[in-house]
Amino acid sequence: MLLPLTLALLAGCGPAASISEEEARAVLEPALAAATPAGRTGLLLKGKAVWLQAPYFDKSCLEQKDLAFNDNPGARPSGGGGVARISPTYKNQRYLTASTQTGYCVLLGDGLKAEIKEATFDWGTQDRWRFKVAYTMATPSPWFECLDPGLKEREIVVRQGEGDGPPVIEGSVLLAEGDCPHPMPGGEERTPGKVASKAAPKAPTRDQVVAAMKAYDDALWEGDFQAALAALSCTNLFEDQKVGTCSVGEVIAAGPVPRGEPRMQDGTPWLEYVQDDYTAFERIVPDRKDKTMAHALFKHKRSGKERSVSVQYVDGAWKLVGVVGKQAESITTARVVNDLHDSKRRDIYDRRLAGEQIDEEGNSLVPEEPPAEE
């Protein structure tokens, strides 16, 4: 004898759903709206070293678009874990526009939306709806384009609450977890600037040099990398147009001079441990060639070697000189301690600025042709 439930199913009348689609949508739709606020959206790349945790991306896409290098988990020391890790390329580190205590935030784009594409009731459990949700970006960055397809379109479950309570969402509806700010700050463009051509009316005073250093240091302390970049006269020796073509990605890993206890979000101090106080420079000397530039000379606190930080007169104000001159294994940073008071260092800088293919030590970057066979 057939059970009543089986007879009902054969007759085309299944048991009533514990929650209706309308009830489930009434919970899911507001949650999706809250998870996709208007504005620029970022994603956390966890870590502060060479390799950053990034389990959200399609590895082949990252390499094809030259966004990042992929770590090989099998080559890690024992206990390194299996979380996917990447190291952003210099070319596309410019999309890193924020830093948190746990890592760096990469810009995914502007205009994130979540759309319910399909709803299916789970007759097996009889207490939940399965929604297929697609996440799209109106203005995506290349990083959004390389998100794993399973992250951009996935199933979200809304089920009956415990004890016949109201419907609840299983898991998170966020595109990805993390502590990135919203909206994400800007500054990702490498836009050429004006060459400092107007000579300063007179040499900078000590107070003016200290003020230039303070503006940069305070901006880094506040985590305002757009302000930090604005405090620099930045030269990027890896770009065709070298003056001003720096993004916030070139200062994101720089940190302020230490102020008491170190903070997790701060990178390597911009003064590179030459001294503990940026006001500790001993004297200011004018540049031998450029009437817009001067150099503040420090004595290294350990080695005693003379080091220098430069300032440049730009648009009526003195700014620190930052130089992107060496690509790092991790995030490439505009360095401020460049020793341009030294005639050899100054000559190499000028030759690179003029387009000569040499590295920071003056060595040629042009591959040598093999000798002709006799």
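Residues numbered from 1 in each chain as written. Predicted model: local features only at pLDDT ≥ 70, side-chain atom pairs only at ≥ 80, totals over all residues. Heavy atoms only, no water.

Quick look at the packing of aromatic side chains now. If you walk through the whole model with that rule in mind, you get nine aromatic pairs. A centroid spacing of 6.4 Å and a plane angle of 80° characterise the contact between Y56 and F57, whose relative ring orientation is edge-to-face. Taken together, the ring pairs connect Y56, F57 and W143 into an aromatic cluster. It is R190 that lies over the ring of Y90; its NZ or CZ is 4.3 Å from the centre. Over the aromatic face of F281 sits the side chain of R206, whose NZ or CZ is 4.1 Å from the ring centroid. (Phe/Tyr/Trp six-rings, centres within 6.5 Å; stacked < 30°, edge-to-face > 60°. Lys NZ or Arg CZ within 6 Å of the ring centre and 35° of its normal.)

Our focus in this paragraph is unusual backbone geometry. Residue P183 is bonded to the preceding H182 through a cis peptide linkage, with omega at 0°. Positionally, P183 belongs in the loop between β9 (165–169) and α6 (206–222). The phi torsion at Q126 lies on the positive side, around 60°, for a residue other than glycine. Residue placement: Q126 occurs in the loop between β6 (103–121) and β7 (128–140). Residue D315 is not a glycine yet carries a positive backbone phi of 50°. Tracing the sequence through the fold places D315 in the loop between β15 (306–314) and β16 (317–324). (Helix = DSSP H or I, 4+ residues; strand = E, 2+ residues; numbered from the N terminus.)

This paragraph deals with the sheet that holds β15. Spatially, the five strands line up as an open sheet ordered β10-β16-β15-β14-β13, and their pairing is mixed. The two strands at the open ends of the sheet, each matched to only one other strand, are β10 (232–236) and β13 (283–286). Pairwise comparison of adjacent strand axes, ignoring direction, gives a mean angle of 35° for this sheet. Two elements, β15 and β16, share four bridges in a ladder whose sense is antiparallel. The partner of Y313 across the bridge, within β16, is W318. Packing against the sheet, α6 makes contact with β10, β13, β14 (293–299), β15 and β16, and its axis sits at approximately 55° to β16. (Pairing = 2+ DSSP bridges. Axes fitted to C-alpha atoms, helices over the stretch in contact; angles between N-to-C directions. Contact = heavy atoms within 4.5 Å.)

Our next topic: the nonpolar core. Grouped together as the largest cluster of nonpolar side chains are 84 residues, with contacts concentrated most on F57, W143, M213, Y216, W270 and L320. The biggest single contributor to this core is β6, with eight residues. Excluding residues within four positions of it along the chain, Y216 makes contact with A228, A231, L232, V251, A254, W270, L320 and V336. Counting six residues, the second largest nonpolar core, distinct from the first, contains M293, V323, L340 and Y349. (Core = buried A, V, L, I, M, F, W, Y, C linked by side-chain atoms within 4.5 Å. Buried < 20%, exposed > 50% of the residue type's maximum accessible area, 1.4 Å probe, protein only.)

Here we come to the pattern of salt bridges. By the definition in use, this model includes 30 salt bridges. Residue E162 is joined to R159 by a salt bridge in which the shortest nitrogen-to-oxygen separation is 3.7 Å. Of the residues examined, E162 reaches a relative accessible area of 68% and is grouped as exposed. (Salt bridge = Lys/Arg side-chain N within 4 Å of Asp/Glu carboxyl O.)

Attention shifts here to the side chain of S87. Residue placement: S87 occurs in strand β4 (residues 85–88). Assessed through its relative accessible area of 2%, S87 is described here as buried. Of note is the side chain of S87, whose polar atom sits 3.3 Å from the backbone oxygen of V50. For S87, the contacting residues outside a window of four places in its chain are V50, W51, A68, F69, E329 and S330. (Polar contact = N/O pair within 3.5 Å; in protein donor to acceptor, adjacent residues only side chain to side chain.)

For the rest of this paragraph, the subject is the environment of S310. Structurally, S310 can be placed in strand β15. Taking relative accessible area as the criterion, S310 reaches 3% and is therefore assigned buried. Residues S310 and V321 lie 11 residues apart in sequence; the distance between their C-alpha atoms is 5.4 Å. In terms of polar contacts, S310 uses its side chain to reach the side chain of H295, at 2.7 Å.

Attention now goes to helix α8 (residues 343–353). Buried within α8 we find R346, I348, Y349 and R352. All buried residues of α8 project into a common sector of 165° when viewed along the axis, lining one side. For α8, the secondary structure elements touched by its buried residues are β10, β14 and β16. With a side-chain oxygen lying 3.1 Å from the backbone nitrogen of K344, the N-terminal cap of α8 falls on D342. Just downstream of α8 lies G355, where phi reads positive at about 105°. (Arc of directions from axis to C-beta.)

Let's shift gears to the confidence of the model for the protein chain. A residue-level look at the protein chain finds 92% of positions with pLDDT of 70 or above and a mean pLDDT of 92. Of the regions scoring below 50 in pLDDT, residues 1–14 engages in seven contacts with residues more than four places distant in sequence or in other chains. (pLDDT = per-residue confidence, 0-100.)

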